[in-house]
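Read off the chains here:
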Amino acid sequence: MNKIKLGMVGGGSGAFIGGVHRIAARIDDKFELVAGALSSDPTRAHESARHLGIEVQRSYSDFKTMAQQESQRDDGIEAVSIVTPNHMHFPIAKAFLEAGIHVICDKPMTLNLAEAIELKKIADQSNKLFILTHNYSAYPIVRQARQMVQDGLLGQLRLIQVEYVQDWMTDAAEHSGNKQAEWRTDPSRSGAAGCLGDIGTHAFNLARFISDVKLDKVSADLSTFVEGRMLDDNVHALLRFEQGVKGMMWTTQVAPGHENGLKIRVFGSEGGIEWQQENPNHLLYHPHANPTQIITRAGYSFSDQHAYLTRTPAGHPEGYLEGFANLYLETAQVIQKVKQGQAVNSALAEFPLPGTQEGLEGLQFITAMLHSSQHDGQWTQLENAHELT
């Protein structure tokens, strides 16, 4: 199989998430990075391209020129990775989809709900892929947890508890030269949500992905503890899912001693499961009235269905980078099926890849949570979120 020609927008020298995507795209050797508009600063963009081995003529100063020129080349890129701050996701994705190029985009999908609605329409009409990199959904053990729920091992679902706890914003990191903190606390670049948009969307997506139950409404309390910060840094919420499932969510970036504490517990009438991202290869399974079991990635109780997502023997840790790599691996397989003549929707149906629907739900979630918090925790339905903008 020929490598898929990949471009990147954003992710220049010193950018964290751009490096993550490049590593993920290389792990299974399915992609080749050949073009980029790596920074809005032309000098930095070209220097970054040189460092990455991108030819001078395929290092672009702006994404519009890149989309136009790459779409006209016989050897032009087939897919683009968007690794910019949130406010640039919509215009960049729009430009490449309309140029006939598949899009892989970091989350959240757009700056706001109105953009998400419009981008979903553009993607649906383009006959091209739009993949949203909710990497935690591609951890092998998370896929195992989802399958166990779908197989009915937990019985009728009742409760979902999810939390995502960090400490890196405990102080005013945005005023100390931390570029990641700077744009994440700037509403013009991050959107109206801070912690909620940054990691709350991951917690929501994980709960939605494992349970496969749609979230109906929320009652939220957003707080900003660091003086002078423009966006939230702590979120508490009650969640009401369909089918009578109830849940709670806590996400924060101001909890000293916690680095990346993403954790989920799901309970039903016949059992429960627990997973922690910082111990990513272990899943606790609690069958009702029976001893707790530990299911390990690639271990004896691990499903063969997800074996293709593992690269090392049991007991060898896999986690964050491999989660992104699994998304790139599955995206590559979908692109190859499309190149062979299979319809996009048919090819996508074979893999649980997050796309525009998950992106839209993420922005509905953010909008409903913000509205609820602004109205003293008023219950707010996600399906009505478009009326709140």
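Quick caveat: nothing in here was measured; it's all calculated off a predicted structure.

### Considerations on the overall build of the protein chain
Across its full length, the protein chain carries twelve helices and 14 strands. Relative to the compact-globule value of 21 Å for 389 residues, the protein chain shows a C-alpha radius of gyration of 21 Å, a close match. Expressed along its principal axes, the backbone C-alpha trace of the protein chain runs to roughly 65 × 50 × 40 Å. Relative to all contacts within the protein chain whose residues are 6 or more apart in sequence, the contacts with residues 24 or more apart total 67%. With an accessible surface of roughly 16700 Å², the protein chain has 47% of that area assigned to carbon and sulfur atoms. Of the charged side chains in the protein chain, 33 are positive and 45 negative; the average position of the first set lies 4 Å away from that of the second.

### Some words on the sheet that holds strand E11 (residues 271-276)
Pairing between the strands of a sheet comes from backbone hydrogen bonds, and it takes one of two forms, parallel or antiparallel. The sheet built from nine strands is open, its strands ordered E13-E12-E11-E10-E6-E9-E8-E7-E14 with mixed pairing. Strands with a single pairing partner mark the edges of an open sheet, and in this sheet they are strand E13 (293-296) and strand E14 (380-381). Bridging between strand E7 (residues 215-223) and strand E8 (residues 234-241) involves eight bridges; their strand directions are antiparallel. Among the inter-strand pairings, Asp221 is bridged to a residue of E8, identified as His236.

### A word on the pairing of E11
Counted residue by residue, E11 has five buried out of six residues, so it is predominantly covered. With five bridges connecting them, strand E10 (residues 261-268) and E11 associate as antiparallel partners. Counted as the bridge partner of Ile264 is Trp275 from E11. The hairpin formed by E10 and E11 contains two residues between the paired strands.

### Considering helix H1 (residues 16-27)
In this model H1 runs 17 Å from its N-terminal to its C-terminal C-alpha over twelve residues, within 8% of the 16 Å that 1.5 Å per residue would give. Within the span of H1, buried status applies to Ile17, Gly18, Gly19, Val20, His21, Arg22, Ala24 and Ala25. Those residues of H1 that are buried lie in contact with strand E1 (4-10), strand E2 (31-37), helix H2 (42-52), strand E3 (79-83) and helix H10 (320-339). Looking one or two residues past H1, Asp29 carries a phi angle of roughly 60 degrees, positive in sign.

### Quick look at the nonpolar core
In terms of nonpolar packing, the biggest core is built from 79 residues, with Phe96, Phe130, Leu196, Ile210, Ile273 and Phe365 touching the most fellow members. Of all the elements, helix H9 (residues 195-211) adds the most residues to this core, at nine residues. Among all residues touching Phe96, those that are not within four sequence positions of it are Val9, Phe63, Met66, Ala67, Ile77, Val80, Ile101 and Val103. Among the nonpolar cores identified, the runner-up in size contains 29 residues, and Ala24, Ile54, Ala325 and Tyr328 belong to it.

### Concerning the sheet that holds strand E5 (residues 130-132)
Strand order across the open sheet formed by five strands is E2-E1-E3-E4-E5, with parallel pairing between neighbours. Across the chains shown, the open sheet's two edge strands, defined by having one partner strand only, are E2 and E5. Within the sheet, the average angular offset between the axes of one strand and its neighbour, ignoring direction, is 25 degrees. Alignment of E3 against strand E4 (residues 102-105), held across four bridges, turns out to be parallel. Residue pairing in the sheet places Val80 in a bridge with Val103 of E4. Sheet strands touched by helix H3 (residues 63-72): E1, E2 and E3. Its angle to E2, the strand with the most contacts, is close to 130 degrees.

### So, the side chain of His306
Mapped onto the elements of the fold, His306 is located in the loop between E13 and H10. A distance of 3.5 Å separates a polar atom in the side chain of His306 from the backbone oxygen of Arg143. A polar atom in the side chain of His306 sits 2.7 Å from the side chain of Gln147.

### As for the packing of aromatic side chains
Overall, the coordinates contain eight aromatic pairs when judged by the stated rule. On the numbers, 5.2 Å between centres and 75 degrees between planes, the contact of Tyr320 with Phe324 is edge-to-face. Within this pair, Tyr320 and its partner Phe324 are both found in helix H10, separated by four residues, close to a single helical turn. Counting every residue linked through ring pairs, the aromatic cluster contains Phe16, Tyr136, Tyr139, Tyr164, Trp275, Tyr320 and Phe324. Geometry around Phe209 places Arg146 over its ring, the cationic atom sitting 4.4 Å from the centre. Between Lys217 and the ring centre of Trp379, over which it is positioned, the NZ or CZ distance is 5.5 Å.

Conventions adopted
- Residues numbered from 1 in each chain as written.
- Predicted model: local features only at pLDDT ≥ 70, side-chain atom pairs only at ≥ 80, totals over all residues.
- Heavy atoms only, no water.
- Helix = DSSP H or I, 4+ residues; strand = E, 2+ residues; numbered from the N terminus.
- Rg over C-alpha atoms; globule rule 2.2 N^0.38 Å.
- Contact = heavy atoms within 4.5 Å.
- Areas by Shrake-Rupley, 256 points an atom, 1.4 Å probe, with all protein chains shown as cover.
- Lys, Arg positive; Asp, Glu negative; His and termini not counted.
- Charge placed at Lys NZ, Arg CZ, Asp CG, Glu CD.
- Pairing = 2+ DSSP bridges.
- Buried < 20%, exposed > 50% of the residue type's maximum accessible area, 1.4 Å probe, protein only.
- Expected span 1.5 Å × (residues − 1).
- Core = buried A, V, L, I, M, F, W, Y, C linked by side-chain atoms within 4.5 Å.
- Axes fitted to C-alpha atoms, helices over the stretch in contact; angles between N-to-C directions.
- Polar contact = N/O pair within 3.5 Å; in protein donor to acceptor, adjacent residues only side chain to side chain.
- Phe/Tyr/Trp six-rings, centres within 6.5 Å; stacked < 30°, edge-to-face > 60°.
- Lys NZ or Arg CZ within 6 Å of the ring centre and 35° of its normal.

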